[in-house]
Amino acid sequence: MNSANIPNVIRNYINGEWVSSSSDEFLDIINPATGDVISQTPLSTSEEFNSAVQTAKDAFPSWRRTPPVVRARYFFKLKDLMEKNFEDLSRILTMENGKTLIESKGSVRRGIENVEVACGMPTTMQGDSLEDIAEGIDCTVFRQPMGVFGCITPFNFPAMVPLWFFPCAVACGNTFVVKPSEQTPLSQIRIFELVEEAGFPPGVINLVNGDKECANAMLDHPEIKGVSFVGSSHVAAYVYRRASENGKRVQALGGAKNFSIVMPDADIDKTVAALTDSAFGCAGERCLATAIVLAVGDVYDELKGKLVDAAKGLKVGNGLDESVTMGPVISAEHKERVIGYIEQGVKEGAQLLLDGRDIRVGDHPNGFYVGPTIFDNITPEMVIAKEEIFGPVLGIMRVESLDEALDIIHGNEYGNASSIFTTSGAAARKFRHEVGISMLGINIGIAAPMAFFMFGGSRGSFFGDLKAYGRDGVEFYTEKRVVIERWF
Ligand code: NAD
C-alpha cells in the first residue's frame, strides 16, 4: 500500500499473514481534510482477536529463546525500512488523521526513535548482579519476557503510539497484538507491511482492527499478560479496572487538561511562539497541548494580544498542502463536540477573542475544520476550564501569583503535562517541585519525553504505575527473577 494506492478495505495481520476479517461490520475511514471516504476498516470479532492471541502465544516460546541481539536485528531492519518509507508513511498519516505533513513527519520520527531504542535492548534489559552478598554466595537478577502483551491506541497519533509499545515489548522477548484506533488504522497497516518485510517470525507481532469488542477481548483474554492503553480518561479508567481485575499488568494513559504558566519575566515572543504551537498544533488534538494559559500579573495584556495575533496568522486547511499550518479535527462528530464546548464557554460568560466556529476552507467544504479559538475571562469553575476539549481552543486566565496558578492546576482533575515560561530559576524550581504533574516543560510548550525516557501523566491522566516506554517500558514488559547461588 502507499498513499496513492489505499485498499478499499483493510485487513488484519495475524500469524505473518494478511487476512480479511470475517466480520460483517465495517467503518468508513474518512480523510478529515476533505470528508472523503478513503477506505474501510472491519470491526473484527472477539474470535478473530482471540485467534491472534493464540498465534502470539504459539510464537512466544521460540521468540523468547531467540537471543536478544538477534531479536534486535529485526528492529534494525524495521528502522531502515521506516526511514526508506518515511515520506509516504507521513503522507498516509496526514490523510487519515488530518495533521499537517510536518506534524506527521515529526510523529513518525518519534515512532522511529522507539524502534531505535528497541535496537539497544541487549543492553537495556540487562539485570543486576553482585558477587559475595555473603561469603561465597552471588546474587543475580534476570529480566525475562512474560508472554503475550497487547496495546489499544487512540486516533490522534496513530503511527507513533503503537510504536511506544510493541518494539519495546517484542525486543524484550514477548509477542504482541496491536489494536489500533478504528478511526485511523491506515498508517499502522503500512507499518505492519514493513514489519512483514523486516521478516519477524509469524505470530510475533499481530494487528487486529476493531473497536471495543476487540479491546474487551484483550482485557479478558487469559493469555494476555499485560495491556498498554492510550486514549480518553474514562476509557483508561475502565481498561485499568477490567484488565487488572483479570490479573493483568496495565498501563493506561488517559486524557488531559494542560495548563501553562507565563511569569512576568518570560521572554514574550518566544513564549507566544511555543504556546501557539502547543495550543493549535495538530488542531489541539495532542494530549500535551496547552489548554489554558495562566498569565501572572501584568504580562496578561501583552500576552493576550500577541497570542491572538499569532493564532490569526495560522493557515487552516488540508495538511498535505505544505503552506498549511493547522489541519482539521478528526471527524464531523468531534467538530460538533468542539463547537459545543465553544458555545458552552460563551454561555458561561467567557469572552471570545477569536472565534473559529465559522471557518471556511474554500477548496474543502466538507472537511472538519474548526479555526483557532481563544477565550478570555475564564474562571476555573467553568466547564471549558475543567474538561478536555481536544480541539484548537485556548483559554487565557489572569492570576496574580505563581501560587495562585499552582492552586488552579491542583484543582483540576487531570495531571498530564504542564509548562512554565520564565527567566527565573527560582520560579522554575518552585513550579517543578510543587506542581504535581508528570510531564513538565520549562520554557517548552510541548513537554514530550523522548523514547529513552518515559511518557505518562498522573492523577486523572494515568492509571497504573509504570509509564510508557524507556526504562519503565522494560520493567512493564519483563518479570524479574533473582537467583542466589553458592557452589561447594
Ligand atoms: P478513545 O478513548 O475514544 O479510544 C482509544 C482506544 O480505546 C481506541 O482504540 C478505541 O477503540 C478504544 N475504546 C474506545 N471505547 C472503548 C470502550 N468502551 N471499551 C474498550 N475500548 C474502547 O480515545 P480517542 O478519542 O481515540 O483519543 C483521544 C484521547 O486520547 C484524548 O482523551 C487524549 O488526551 C488521549 N491521549 C492520551 C495520550 C497520553 O499519553 N496520555 C496520548 C494520546 C492521546
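Remember, predicted model here, so these are calculated numbers, not experimental data.

Calculation rules
In this numbering scheme, every chain counts its residues from 1 along its sequence in written order. Predicted model: local features are reported for residues with pLDDT of at least 70 only, side-chain atom pairs are reported and counted for 80 or more only, and whole-chain, interface and lining totals are derived from all residues. Side-chain numbers come from the whole structure's heavy atoms, not from hydrogens or water. Only DSSP runs of H or I reaching four residues or more are called helices, and only runs of E reaching two or more are called strands; each is numbered from the N terminus. Put simply, the radius of gyration uses C-alpha atoms, and a globule should come to 2.2 Å times the residue count raised to 0.38. Accessible area is worked out with a 1.4 Å probe on protein chains only. A residue is then buried under 20% of its type maximum, exposed over 50%, and partly exposed in between. Contact definition: two residues touch when any of their heavy atoms are within 4.5 Å. Computed with a 1.4 Å probe, the accessible areas rest on the Shrake-Rupley method; for each residue, only the protein chains presented here act as cover. Here Asp and Glu are counted as negative and Lys and Arg as positive; His is not counted, and neither are the chain ends. A single reference atom marks each charge: NZ on Lys, CZ on Arg, CG on Asp, CD on Glu. To count toward a patch, a residue needs a relative accessible area over 30% and no salt bridge; like charges are then connected within 9 Å, while nonpolar side chains (Val, Leu, Ile, Met, Phe, Trp, Tyr) are connected within 5 Å. Between Lys or Arg on one side and Asp or Glu on the other, a salt bridge is scored when a side-chain nitrogen of the former is within 4 Å of a carboxyl oxygen of the latter. Nearness of a residue to a molecule or strand requires only that one of the residue's heavy atoms be within 4 Å of it. Polar contact criterion, stated in full: a pair of N or O atoms within 3.5 Å, where within protein one must be able to donate a hydrogen and the other to accept it, and residues adjacent in sequence count only if both atoms are side-chain atoms. Grid points spaced at 1 Å and placed over the protein atoms alone form the basis of the search, with a cavity being a set where a 1.4 Å probe fits but cannot get out and a pocket an open set showing protein on both sides within 12 Å along at least five of seven lines. Lining residues have an atom within 4 Å of a point. Those molecules having more than half of their atoms within 2 Å of a cavity or pocket grid point set are described as sitting in that cavity or pocket. Amino acid classes used here: Ala, Val, Leu, Ile, Met, Phe, Trp, Tyr, Cys and Pro are nonpolar; Asp, Glu, Lys and Arg are charged; the rest, including Gly, are polar. Boundary definitions for the domains trace back to an automatic or database domain assignment. Each pair of strands is called paired provided DSSP finds at least two bridges between the two strands. Grid points are joined across faces, edges and corners, and a volume is the space filled by probe spheres set on the points.

Draft legend 1. Region of the structure containing the overall build of the chain. A count of helices and strands for the chain gives 16 helices and 22 strands. Relative to the globule expectation of 23 Å for 488 residues, the C-alpha radius of gyration of the chain, 23 Å, shows essentially globular dimensions. Seen through its C-alpha atoms, the chain measures out along the principal axes to roughly 75 × 60 × 40 Å. Split into buried and exposed, the 488 residues of the chain put 60% on the buried side. For the chain, restricting intrachain contacts to residue pairs at least 6 apart in sequence, the fraction spanning at least 24 positions comes to 73%. Of the roughly 19,300 Å² of accessible surface on the chain, 50% is carried by carbon and sulfur atoms. Averaging the positions of the 46 positive and the 63 negative side-chain charges in the chain gives two centres separated by 3 Å.

Draft legend 2. A look at a negative patch on the surface. Together, Asp24, Glu25, Glu47 and Glu213 make up a region of like negative charge exposed at the surface. By the secondary structure assignment, Glu25 is in the loop between strand E2 (17-19) and strand E3 (26-30).

Draft legend 3. Inspection of the site of the ligand at higher detail. Every one of the 27 residues lining the ligand counts as a neighbour, but Thr153, Glu182, Ser232, Gly254 and Glu388 are closest to it. The contact in question runs from an oxygen atom of the ligand to an N or O atom on the backbone of Phe155, over 3.1 Å. In the environment of the ligand, an oxygen atom lies 3.0 Å from a nitrogen or oxygen atom belonging to the side chain of Lys179. Taking a 2 Å distance to the grid points as the criterion, the majority of the atoms of the ligand fall inside the largest pocket. Looking at the shell around the ligand, the elements with two or more residues in it are helix H8 (212-220), strand E10 (224-230) and helix H9 (233-245). In terms of residue class, the shell around the ligand is built from 15 nonpolar, 8 polar and 4 charged. If you count residues domain by domain, the shell around the ligand takes at least three from each of domain 1 (12-254 + 461-486) and domain 2 (258-442).

Draft legend 4. Region of the structure containing the pairing of strand E4 (residues 37-42). Pairing of E3 with E4, which is carried by 5 bridges, proceeds in the antiparallel orientation. Paired with Ile29 across the bridge in E4 is Ser39. Following E3, the chain reverses through 6 residues before pairing antiparallel with E4; Gly35 in that reversal takes a positive phi of roughly 80 degrees.

Draft legend 5. Just the layout of surface pockets, in detail. The calculated volume of the largest pocket comes to roughly 1,300 Å³. In this structure, the largest pocket is lined by 50 residues; those nearest its centre are Phe155, Gln183, Gly231, Ser232 and Val235. Every element with two or more residues in the lining of the largest pocket is listed here: E3, helix H6 (160-171), H8, E10, H9 and helix H12 (332-348). Each residue belonging to the lining of the largest pocket can be placed in one class, and the counts come to 25 nonpolar, 15 polar and 10 charged. When we break the lining of the largest pocket down by domain, the ones giving at least three residues each are domain 1 (12-254 + 461-486) and domain 2 (258-442). Quantified by volume, the second largest pocket comes out at close to 450 Å³.

Draft legend 6. The arrangement of the pattern of salt bridges in detail. Taken as a whole and judged by the stated rule, the model has 24 salt bridges. Its salt-bridge partner being Lys430, residue Glu434 comes within 3.4 Å of it at the nearest N-O pair. With Glu434 and Lys430 both in helix H15 (residues 425-434) and 4 residues apart, the pair spans about one turn of that helix. The exposure class of Glu434 is partly exposed, given its relative accessible area of 34%. The exposure class of Lys430 is partly exposed, given its relative accessible area of 25%. Residues joined by salt bridges that share partners form a network here, namely Lys79, Glu83, Arg109 and Glu116.

Draft legend 7. Local environment of unusual backbone geometry. Its identity is not glycine, yet Asn15 carries a phi of approximately 55 degrees, on the positive side. Within the element layout of this structure, Asn15 appears in the loop between strand E1 (12-14) and E2. In the Ramachandran plot, Asp132 falls in the positive-phi region, its phi being about 60 degrees despite a non-glycine side chain. Mapped onto the elements, Asp132 comes out in strand E5 (residues 129-134).

All we've got here are geometric facts, nothing functional implied.
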